[in-house]
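Notes for the structure review
Read off the chains here:
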Amino acid sequence: MFIGGYFVDKYGPKIVFLVGAAFLATSQILSAQIDTVTGLVLTFGVVGGIGLGLTYTAATVAVSSRWFPDKKGTAIGFAVLGFGLGAAVAGPVWTASIAAIGWRETYMWTGAVFAVVLLIISTILRFPPADWHFVPGKGWEPMNDEAAAAARGKDEVAVNPNDLTFAEAARTPQMWLTGAMFFLSIFGGLMAVSQLAAFARDAQPAGIGMVAAAAALVVMTMAIFNGAGRPSWGAISDIIGIRNAYMIVICLMIAAMLTLSIAATPTMMFVAAGLTGFAFGGTLALNPILTTAFFGATYVARIYGLIFLIGFGGGGFFGPMVGGMVRTNTGSYDMAFLSAAATATVALVLAFFLVPKSGQEHLKRPGMAPVPPTRAAA
């Protein structure tokens, strides 16, 4: 995402998306040929991961924040909702396909579907034309000032000179602290989420003692609320401001973890799963919104690419690992849930001091007075 984000910011999303689509389709076709776990790691994990990162950075935050400057929160929330829904749909579809035609054929057909569908999507994926401008209440329109439109160019990627470049953002504490908040919330959330199904299934007093089907329903409940939380919290942030929305989401995460730590009945388990999913989805939506609010949309693909690597990459890698270690070493799930609540509390403290009031988030470029947007730099 970080490397692809540089090219998205500079040249627009289409080329990066097409390269990512080629990686994704190729990863599935190559995965159909493998015979070892190492081969699967390289084809599905490495090649597919590169494709996923490139297509994600090209098709979500950078595009949404440019096309919908008056509703960035809602637009970004719906964009990342697609990422969550894709994961939710893929599991049962692949399971049914593997049962019907086998895993190698499933990979091959997935590659074919990726190639066709992503190619079609790429034909409409672009930033707003540089010689257009956004009119509140009307939307995007061609510029009436022909001289100004000609100066910006038709094919240039528009740049707002008030937005911070990646180098400028990297010199601010906001970029690194946003990454830290993202890491803490994802680390703690996935530390708990990774133990959710086992906690629901294990016999009391260690777990809830639910049958496998009911435990699966708990996980599905969390997934549904996770998806719903993304556009919901994006839209809420447009109404009450990113600071208020962010802090409420973290408080919900803390409440969810504490509820899990005292859950003793299936009813409490479902309530906790819903709260966890809703807060987790909100975290994934609000972090890119906060990044855009701080630094602007012009270079957000590469800036958020690094924040995502720190937050979701680091949290996703270490969270489940630590959650499993805590469960193994303590013989209890409670410490994993309480540890997740503690990390979310640290994120809450950071948010309290870091995120300013609504409308005051955008950082000023060092030594520059505000100037009108212009075309992309060479």
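Residues numbered from 1 in each chain as written. Predicted model: local features only at pLDDT ≥ 70, side-chain atom pairs only at ≥ 80, totals over all residues. Heavy atoms only, no water.

Looking now at the overall build of the protein chain. When you go through the protein chain residue by residue, the secondary structure sums to 15 helices and two strands. If one aligns the C-alpha atoms of the protein chain with their principal axes, the spans along those axes are about 75 × 50 × 35 Å. Here the protein chain carries 20 positive and 16 negative side-chain charges, and the mean point of each set is 4 Å from the other. (Helix = DSSP H or I, 4+ residues; strand = E, 2+ residues; numbered from the N terminus. Lys, Arg positive; Asp, Glu negative; His and termini not counted. Charge placed at Lys NZ, Arg CZ, Asp CG, Glu CD.)

Where helix H1 (residues 2-11) meets helix H3 (residues 37-59), the axes come as close as 9 Å, and the angle between the chain directions of the two elements is 35°. The chirality of how H1 crosses H3 is right-handed. Of the residues in H3, those touching H1 at Gly4, Gly5 and Val8 are Leu54, Thr57 and Ala58. (Axes fitted to C-alpha atoms, helices over the stretch in contact; angles between N-to-C directions. Left-handed = near helix turned anticlockwise from the far one by under 90°. Contact = heavy atoms within 4.5 Å.)

With 31 residues, helix H14 (residues 300-330) extends 42 Å between its outermost C-alpha atoms, agreeing within 8% with the 45 Å of an ideal straight helix rising 1.5 Å per residue. If you look at H14, its biggest bend is around 30°, right at Gly315. Note on H14: the residue one or two positions beyond its end, Gly331, has a positive phi of about 70°. (Expected span 1.5 Å × (residues − 1). Bend = angle between axes of the 7 residues up to and from the residue.)

Going through the model one piece at a time under the given rule, you end up with four salt bridges. Among the ionic pairs, Asp9 bridges to Arg302, the shortest N-O distance being 2.9 Å. Of the two residues, Asp9 is situated in helix H1 and Arg302 in helix H14; the sequence distance between them amounts to 293 residues. The residues Asp9 and Arg302 share a single accessibility class, namely buried. (Salt bridge = Lys/Arg side-chain N within 4 Å of Asp/Glu carboxyl O. Buried < 20%, exposed > 50% of the residue type's maximum accessible area, 1.4 Å probe, protein only.)

A separate point is helix H9 (residues 173-193). End to end, H9 covers 29 Å across 21 residues, agreeing with the expected 30 Å (1.5 Å per residue, within 8%). In terms of residue burial, H9 counts as a mostly covered element, since 16 of its 21 residues are buried.

Here four bridges tie strand S1 (residues 132-135) to strand S2 (residues 139-142), and the two strands are oriented antiparallel to one another. The partner of Trp132 across the bridge, within S2, is Pro142. Turn length for the S1-S2 hairpin, with the two strands adjacent in sequence and antiparallel, is three residues, and the turn residue Gly137 shows positive phi of about 85°. (Pairing = 2+ DSSP bridges.)

Here the focus is the side chain of Asp9. On the accessibility criterion, Asp9 (3% relative accessible area) is buried. When sequence neighbours within four positions are dropped, the list of residues in contact with Asp9 reads Arg66, Val157, Thr298, Tyr299, Val300, Ala301 and Arg302.

For the protein chain, per-residue confidence averages 88 on the pLDDT scale, and residues scoring 70 or more make up 94% of the total. The weakest mean pLDDT in the protein chain belongs to helix H7 (residues 146-152) at 54; the strongest belongs to helix H2 (residues 13-31) at 96. Scored below 50 in pLDDT, residues 374-378 shows 17 contacts in the model against residues more than four places distant or in partner chains. (pLDDT = per-residue confidence, 0-100.)

Next up on the list: the environment of Ala167. Its place among the elements puts Ala167 in helix H8 (residues 166-170). Considered as a pair, Ala167 and Phe270 are 103 residues apart in the sequence and their alpha carbons are 45 Å apart.

One can describe the packing of H1 onto H14 by two numbers: an axis separation of 7 Å at closest approach and a directional angle of 165°. Comparing the axis directions of H1 and H14 gives the class roughly antiparallel. In this structure, H1 crosses over H14, and the sense of that crossing is right-handed. Together, Phe2, Gly5, Tyr6, Val8, Asp9 and Lys10 of H1 and Val300, Ala301, Arg302, Gly305 and Leu306 of H14 make up the contact between the two elements. Residues that form the contact of H1 with H14 fall into these classes: six nonpolar, two polar and three charged. (Parallel < 35°, antiparallel > 145°, perpendicular 65-115°, else oblique. Nonpolar A, V, L, I, M, F, W, Y, C, P; charged D, E, K, R; others polar.)

As for its position among the elements, Ser185 is in helix H9. On the accessibility criterion, Ser185 (7% relative accessible area) is buried. Between the C-alpha atoms of Ser185 and Gly315, which are 130 residues apart in sequence, the distance is 7.9 Å. Setting aside chain neighbours within four positions, we find Ser185 in contact with Met253, Thr283 and Asn287. Engagement of the side chain of Ser185 in a polar contact is seen with the backbone oxygen of Phe182, the distance being 3.0 Å. (Polar contact = N/O pair within 3.5 Å; in protein donor to acceptor, adjacent residues only side chain to side chain.)

This part covers the packing of aromatic side chains. A complete count under the given rule lists 21 aromatic pairs for this structure. Arranged with centres 5.0 Å apart and planes meeting at 85°, the rings of Phe317 and Phe318 form a pair that is edge-to-face. Relative accessible area serves as the criterion here: at 51%, Phe317 is assigned to the exposed category. Classification of Phe318 by relative accessible area gives partly exposed; the value is 39%. Taken together, Tyr56, Phe182, Tyr304, Phe308 and Phe312 form an aromatic cluster joined through their ring pairs. Over the ring of Phe127 we find Arg66; its NZ or CZ atom is 4.1 Å from the centre of that ring. A cation over an aromatic ring shows up here: Arg327 above the ring of Tyr333, its NZ or CZ 4.3 Å from the ring centre. (Phe/Tyr/Trp six-rings, centres within 6.5 Å; stacked < 30°, edge-to-face > 60°. Lys NZ or Arg CZ within 6 Å of the ring centre and 35° of its normal.)

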